[in-house]
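Residue-level structure breakdown
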Amino acid sequence: LITLSNEGTKTLPPEQKPVALLCIGCSLIASSVFLFLKSIWKYDETSKLPRKTTVLFFEFLVSAGASILTIVAMPHLDIVTNVTIFNGVAVISAILQLVAQCSAKQRNRFLMPCIFGFIFILIGYVLFLLLYITKNPSDIKMAIWVGLAVGGSILVSFNSWESYLKKTISDNSSFTFLKNLCSDIEECQNILHILSSLLRIVVTACVIGAYVRLAKMDWSILTSIPSRETKIIAIIIGVQLFSSTLCHWFALAACKMHALRRCFILPLYLASLAVLALLVIPVTVYYQDYRTSLNGTANINFTDYCKVAVDGRNQSLNDTVFLHLVLDVTHTLCFLDMSKIADICILTAVFWWIGFVLVTLYLWKLNVHRIERTQDLLIRRLYEGAFIEQSLLLNTRFDIQTKERIQKDVEQVKVYLCATMWHETYEEMMSIIISIFRLDEYRPKEDPKSNDFTFKAHIYFDDAFEAVGGSRHLNKYAKNLVKVIKEVFGYFFKKQQQVPDQKIIQTPYGGRLIVNMPQGNKIVVHFKDKELIRHKKRWSQIMYLYYLLGWKLTRKFYTRWVQQSKLYLFLQKKKHNTYILALDGDTDFQPASVMLLIDRLRIYPHVGAACGRIHPTGSGPVVWFQKFEYAVSHWLQKTAEHVIGCVLCSPGCFSLFRAEALMDDNVMKTYSTESKEASHYIQYDQGEDRWLCTLLLKQGWKVEYNAASDAYTNAPMDFKGLYIQRRRWGPSTMANVVDLLGSTKIITKRNQSISKAFMFYQLFGMISSIMGPSTICLLVSGSLTFVLNINSTAALVISVIPPAIYLGLCFKLKSDTQITIAAILSVCYAFLMLTVAISIIGSMLKEKTILTPSSIFIIFMAIIYLITAAMHPQEFNLVFYGFLYIICVPSAYLLLTIYSMVNMNDVSWGTRETKPAAGAAPPPALTPQTREEKEFWEELIKEYLEPLPDDKEKQKKMDNELRELRNKSKCGRMCYQEGINFSFFILNAFWLVATFIFQIFNSTFAICIPKLNLHLQETGDVIQIEPIAFMFILGFAVTVVIQFLAMLYHR
């Protein structure tokens, strides 16, 4: 681009030079635009204005220097200088690095390389001045261009001042100004990003505008550029923007993957040399070819070659573009007469390059953690598109390297694996026990080489006892677990088939089995008697939260005689480095998946929970549907939440939680709240994992998603099981999202990762979910119109009749009957969707057009899903289940929604439920429990976990309240939840009525767009679209595009 801006180049005529200058400006501000959009997305009321304008002053210097250097000065210099002068931007970095290293008290390893690097860069500048000024001392213009180039490169070198100030100078300085400046940078980071981005854009625009006016160029040429020149410019600027952005992303990935030297430093060192070679070698080849073509008739040198072949060529672009570009590059070298002073030019480039390498030599010994935080790796979020390799290397964190190696102790973390079980099958128990033993083999307890974390497994078994002959004994499910442990132990420890070390302890809640695994780690199985302690999953979670975090973690600190401040700090450190891995009783995982989640919490201190990629297992059409549903949900929805905000639900089957986050105010205590109102049963007990994440988000903790952390769990394999499961998930999801939306102002203030824009995205998602049934009715209506060729109004009435009848039957019939009817209707809808899909394809071929609403929607979604699947190559086979998913859309988003909303009053778990066992007696035990622990359990059970009395009247009252909640039409104290069922169906009815009215008056309100054929030519016909449907589809498309772009960024 800079070469095309040169006055003597002929690929672009002189009057079209403003186009090239404008493209250079675009490459300079591209990263600023990205940063501005990201910062605006995260903006909230808590963003502070900086107290000092020093940061903005430096931004002004850097942006002015970059603009002057690339737009004004470099178009008048040769290609060798233009490629290598960017290595000279390390001059200020060298000075700051010298100051930082000299201020340190240790003996520095890279002090001398830094000094020599500074000297080499200065020599490069001296040679550069000699090269151009001695060529023609009377050329005042060239002296000005050279002076601007030197001044601009020095101003650009202020780009990396933050690295040395924040990491070293401010810590070792007694100047209050420097410390306040660092505080400003940290506290006002978001506002500074917005202001600095705008400043860079404005400064760049001003420099371009001023230079074009001073150079007497005309902006009006932008409207009359020939198509060929437009393509050349578009391709070049596209390659520049795309490649610099990818370079920035891949550089970060290389550092986080511990490939710092071979995939980050070395390629960036060689980048400028490689570019120089790619530009100069074609010049040399064409020059030699020209000399060969003369057949020895003339002894032509480089100067003569420039006059005849380069400057004397025809202005037209009849030859190949590549030839003209090579000759334009050659033209920049003609001024210097390379046959005489090539050695000085090359020597200048070499000195600059060696100096840059020496200044950044410390990076070879830089310690980088796996998945290092970007803000800890790169000091500035901005990258420079014009000199991407130099900006990345100079922007990387600066650490003083001493000659004495200091071993940094890795903080050991403690991980508690907490699995909840109930009535899992033998095979399901086998999956999780094998996974725990695999982790024991991967991380032995006494291995000195693996001291980064220790773990202990706890299994909380609900309803583990039954009455036998007046006493309580383990039931068949609990006995199966003991058999599984014995079998797996024998497999992993083949020398001994029997479990050697085990204890059975009597407890106030039932019994406890402790087993030592082959590598020294322990499995503790807590057998719960529901006659002694409250059962169900949430209460098991409360049980292990208070036991592990309250008793195991906190108790020992209050039994020591330690200074109060030290005790508090040590306790906070332990809470920060203690994690709980929540598991289901059938989860299958690998140790690597656990390590990825541990790394996420270890590196990012504000992350309170992290979840992995959940894969449903099983076989059959119902499981195939769920496999694609889970895939799309993780590929797009969960990834988008992770990138643009926070994950709203970290599933309880495989999630890692930080103890500090769980023990925060209003998290564990609120989570222990007993459900006393009807809405509590839906939000608290039906989706406990989502509610826990809601509490964490409200306290300001971040919940993240790690796509590489895979876990497998059994999914419902029959239609009934799926409907019962989603009957729990649907209303609880809606209740928690509404709760978050109602607390938008508080959450956006406390949680830095959640912005109002993200909450608006969630609001639109909630509206889309609510409108799901009516949208499916409209889809079916369009299908009937298309297939049966009937009036759209009649088709809409017909499409509403089956779900309306099903809705009425759901209020009268039992749950099993409702599911049976839903299954029959699902088959009918599936055949209809199959017919519609084939008919739409046939219509596209018959009408010879793809620009109809239905065809555009299908093609658009197909492209999105195929590209998304291609970006996940290990899971690409799941895309074949997509066809089943599409034909089951009416069942999933219409019938299932009706079923779950009508049965909101049913708060039973629905799966694996058995008849309660009668009688109560203390379980047999071999080892008594310690007095202190026994007292702890008795107090905990009394406070939170006493079995709920079987009160028939209270249960009947709660059933009535749940029905009232389902049917309520007015907003009471729990405004968001209590009117949700009535509002749900009323909003869908309003949507259908509005669409019905618009269809009656279609000729008046319809949006008419011209119909195009397969060659994108107008056919003369028009397509009419209802405005409401168009706006909804447009909003849905925007949501999908946001998720798709977030997925690309995440991948």
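Sequence order as written defines the numbering, with residues in each chain counted from 1. Reporting in this predicted model follows two pLDDT cut-offs: at least 70 for local features of residues, and 80 or more for side-chain atom pairs to be given and counted; totals over whole chains, interfaces and linings ignore these cut-offs and use all residues. Note that the side-chain values use all heavy atoms of the structure and ignore hydrogens as well as water.

Describing the overall build of the protein
Counting secondary structure elements, the protein contains 41 helices and 14 strands. Burial statistics for the protein: of 1051 residues in total, 53% are counted as buried. Any two residues whose heavy atoms approach within 4.5 Å are treated as being in contact. In the protein, of all internal contacts separated by at least 6 residues, the share reaching a separation of at least 24 is 79%. Only the protein chains shown count as cover for residues, and all accessible areas are computed by the Shrake-Rupley method using a 1.4 Å probe. Surface summary for the protein: the accessible area is close to 48500 Å², and the carbon and sulfur share equals 62%. Here a strand is any run of E in DSSP of at least two residues, a helix any run of H or I of at least four, and the numbering for each starts at the N terminus. The buried label applies to any residue whose accessible area, calculated with a 1.4 Å probe on protein chains only, is under 20% of its type's maximum; exposed applies above 50%, and partly exposed to all values in between.

Regarding the state of the cysteines
Two cysteine sulfur atoms form a disulfide, by the criterion used here, when they sit within 2.5 Å. What the rule picks out here adds up to 1 disulfide. Cysteine 255 takes part in no disulfide bond, and the closest cysteine sulfur to it belongs to cysteine 263, at a distance of 9.6 Å.

Thoughts on the nonpolar core
Throughout this description, the term nonpolar core refers to a set of buried Ala, Val, Leu, Ile, Met, Phe, Trp, Tyr and Cys residues connected via side-chain atoms within 4.5 Å. With 120 residues, the main nonpolar core has Tyr544, Leu545, Leu549, Ile580, Tyr806, Leu895 and Leu945 as its most contacted residues. No other element matches helix α19 (residues 537-554), which puts 11 residues into this core. Core analysis: the next-biggest nonpolar cluster, separate from the first, contains 86 residues, Leu21, Phe128, Trp145 and Val359 among them.

Remarks on empty space enclosed by the protein
Grid points spaced at 1 Å over the protein atoms alone were grouped into cavities, where a 1.4 Å probe fits but cannot get out, and pockets, open sets with protein on both sides within 12 Å along at least five of seven lines, with lining residues defined by an atom within 4 Å of a point. Grid points are joined across faces, edges and corners, and a volume is the space filled by probe spheres set on the points. Taken as a whole, this structure holds 7 cavities of 30 Å³ or more when the rule is applied. A volume near 150 Å³ is recorded for the largest cavity. Around the largest cavity, the lining is made up of 14 residues, and of these Glu59, Glu162, Leu192, His193 and Arg380 lie nearest the centre. Of all elements in the fold, only α2 (54-73), α7 (161-172) and α9 (189-214) reach the threshold of two or more residues within the lining of the largest cavity. Per element, the largest residue contribution to the lining of the largest cavity is 4 residues, and it comes from α9. Residues belonging to the lining of the largest cavity are distributed by class as follows: 6 nonpolar, 3 polar and 5 charged. Residues are sorted three ways: Asp, Glu, Lys and Arg are charged, Ala, Val, Leu, Ile, Met, Phe, Trp, Tyr, Cys and Pro are nonpolar, and all the rest, Gly among them, are polar.

Considerations on the sheet that holds strand β5 (residues 502-507)
For two strands to pair, DSSP has to find at least two bridges joining them. Spatial ordering of the open sheet is given by β5-β6-β7-β2-β1-β8-β11-β10-β12-β9, a layout of 10 strands whose pairing is mixed. Across the chains shown, the open sheet's two edge strands, defined by having one partner strand only, are β5 and β9 (588-589). Sheet analysis places strand β10 (residues 607-617) next to strand β12 (residues 702-714), joined by 9 bridges and oriented parallel. Note on β12: the bridge partner recorded for threonine 617 is asparagine 714.

Description of the environment of threonine 554
Along the chain, the position of threonine 554 falls in helix α19. What makes threonine 554 buried here is its relative accessible area of 12%. When the C-alpha positions of threonine 554 and lysine 575 are compared, they lie 8.6 Å apart, and in sequence the two are 21 residues distant. Sequence-distant contacts of threonine 554, that is, excluding residues within four places in its chain, are made with Leu549, Leu571 and Met663.

So, unusual backbone geometry
Glycine aside, residues mostly have negative phi, and peptide bonds are mostly found in the trans state. A positive phi angle, near 60 degrees, is found at lysine 216, a position not held by glycine. By the secondary structure assignment, lysine 216 is in the loop between α9 and α10 (227-256). Phi is positive for histidine 258, which is not a glycine, with a value near 65 degrees. The class for histidine 258 is partly exposed, based on a relative accessible area of 46%.

Section: the environment of leucine 884
Within the secondary structure layout, leucine 884 lies in helix α34 (residues 882-887). Put simply, leucine 884 and leucine 834 are 50 residues apart on the chain and 9.6 Å apart in space, counted from C-alpha to C-alpha. In this structure, leucine 884 is in contact with Pro621, Trp624 and Phe625, ignoring residues within four places of it in sequence.

Looking at the packing of helix α27 (residues 719-742) against helix α35 (residues 889-902)
The description of two packed helices rests on the angle between their axes and on the distance between the axes. At their nearest, the axes of α27 and α35 sit 9 Å apart, and the two run at 70 degrees to each other. Here α35 runs roughly perpendicular to α27, going by the angle between their axes. Both α27 and α35 take part in a crossing whose hand is right-handed. Together, Phe719, Tyr723, Ile724, Arg726, Arg727 and Pro731 of α27 and Ser891, Leu895, Leu896, Tyr899 and Ser900 of α35 make up the contact between the two elements. Within the contact of α27 with α35, the residues separate by chemical class into 7 nonpolar, 2 polar and 2 charged. For every element, the axis is a line fit to its C-alpha atoms; helices are fit only across the contacting stretch, and the angle between N-to-C directions ranges from 0 to 180 degrees. We call two directions roughly parallel when the angle between them is under 35 degrees, roughly antiparallel when it is over 145, roughly perpendicular when it lies between 65 and 115, and oblique otherwise. Note: crossing handedness is left-handed where the near helix turns anticlockwise from the far helix by less than a right angle, and right-handed where it turns clockwise.

Concerning the side chain of glutamate 933
Relative to the elements of secondary structure, glutamate 933 occurs in helix α36 (residues 931-945). For glutamate 933, a relative accessible area of 9% translates into the label buried. With near-sequence residues (within four places) excluded, glutamate 933 lies in contact with Arg512, Tyr547 and Trp551.

Some thoughts on the pairing of strand β7 (residues 522-528)
In terms of residue burial, β7 counts as a mostly covered element, since 6 of its 7 residues are buried. Alignment of strand β2 (residues 453-461) against β7, held across 5 bridges, turns out to be parallel. Within β7, the residue paired with tyrosine 460 across the bridge is histidine 526. Pairing of strand β6 (residues 510-516) with β7, which is carried by 7 bridges, proceeds in the antiparallel orientation. Bridging across to β7, asparagine 516 finds its partner in lysine 522. Counting the residues that bridge the hairpin from β6 to β7 gives 5 residues, and of these glycine 520 lies at a positive phi of roughly 100 degrees.

Examining the confidence of the model for the protein
Think of pLDDT as the predictor's per-residue confidence, scored from 0 to 100. Overall, the predicted model of the protein reaches an average pLDDT of 82, with 85% of residues at or above 70. Note that residues 916-925 has pLDDT below 50 and, in this model, 28 contacts with residues that lie over four places away or in other chains. In this model, residues 969-978 is a region of pLDDT below 50 whose contacts with residues beyond four sequence positions or in other chains number 17 contacts.

Let's talk about a nonpolar patch on the surface
Two distance rules govern patches: like charges are joined within 9 Å, and nonpolar side chains (Val, Leu, Ile, Met, Phe, Trp, Tyr) within 5 Å, applied only to residues with over 30% relative accessible area and no salt bridge. For this document, the term salt bridge refers to a Lys or Arg side-chain nitrogen within 4 Å of an Asp or Glu carboxyl oxygen. Residues Val797, Ile801, Ile805, Leu809 and Leu813 make up a contiguous nonpolar surface patch of about 390 Å² in total accessible area. For isoleucine 805, the location among the structural elements is in helix α31 (residues 792-810).

Observations regarding the packing of aromatic side chains
For Phe, Tyr and Trp, rings pair up if their centres lie within 6.5 Å, where Trp contributes its six-membered ring, and each pair is then called stacked (planes under 30 degrees apart), edge-to-face (over 60) or tilted (otherwise). Enumeration according to the criterion identifies 31 aromatic pairs in this entry. Where tyrosine 269 meets phenylalanine 356, the ring centres are 6.3 Å apart and the plane angle is 85 degrees; that geometry is what we call edge-to-face. With a gap of 87 residues between them, tyrosine 269 in helix α11 (residues 260-293) and phenylalanine 356 in helix α14 (residues 338-359) connect regions that are remote in the sequence. Note on accessibility: tyrosine 269 and phenylalanine 356 belong to one class, buried. On the basis of an interplanar angle of 65 degrees and a centroid distance of 4.6 Å, the ring pair of tyrosine 509 and tryptophan 937 is categorised as edge-to-face. Here the residue tyrosine 509 occupies a position in the loop between β5 and β6, and tryptophan 937 occupies one in helix α36, the gap between them amounting to 428 residues. A relative accessible area of 0% means that tyrosine 509 is categorised as buried. Here the aromatic cluster, defined as three or more aromatic residues joined through ring pairs, consists of Tyr509, Tyr547, Trp551, Phe936 and Trp937. Look at NZ for Lys and CZ for Arg. If either is within 6 Å of the ring centre and within 35 degrees of the ring normal, a charge sits over the ring. Here arginine 534 stacks its cationic end above the ring of tryptophan 539, 4.4 Å away from the centre of that ring. In this arrangement the basic side chain of arginine 538 is found over the ring face of tyrosine 671, its NZ or CZ atom lying 5.9 Å from the centre.

Things to note about the pattern of salt bridges
A complete count under the given rule lists 19 salt bridges for this structure. Between aspartate 529 and arginine 472 there is a salt bridge whose closest N-O contact spans 2.7 Å. In this pair, aspartate 529 sits in the loop between β7 and α19 while arginine 472 sits in strand β4 (residues 471-474), placing the two residues 57 residues apart along the sequence. Comparing aspartate 529 with arginine 472, the two get one shared label, buried. Measuring nitrogen to oxygen at the nearest pair gives 2.8 Å for the salt bridge that ties arginine 726 to glutamate 629. Here arginine 726 is found in helix α27, whereas its partner glutamate 629 is found in helix α22 (residues 621-644), with 97 residues between them in sequence. Taken together, the shared-partner salt bridges connect Glu59, Arg200 and Glu384 into one network.

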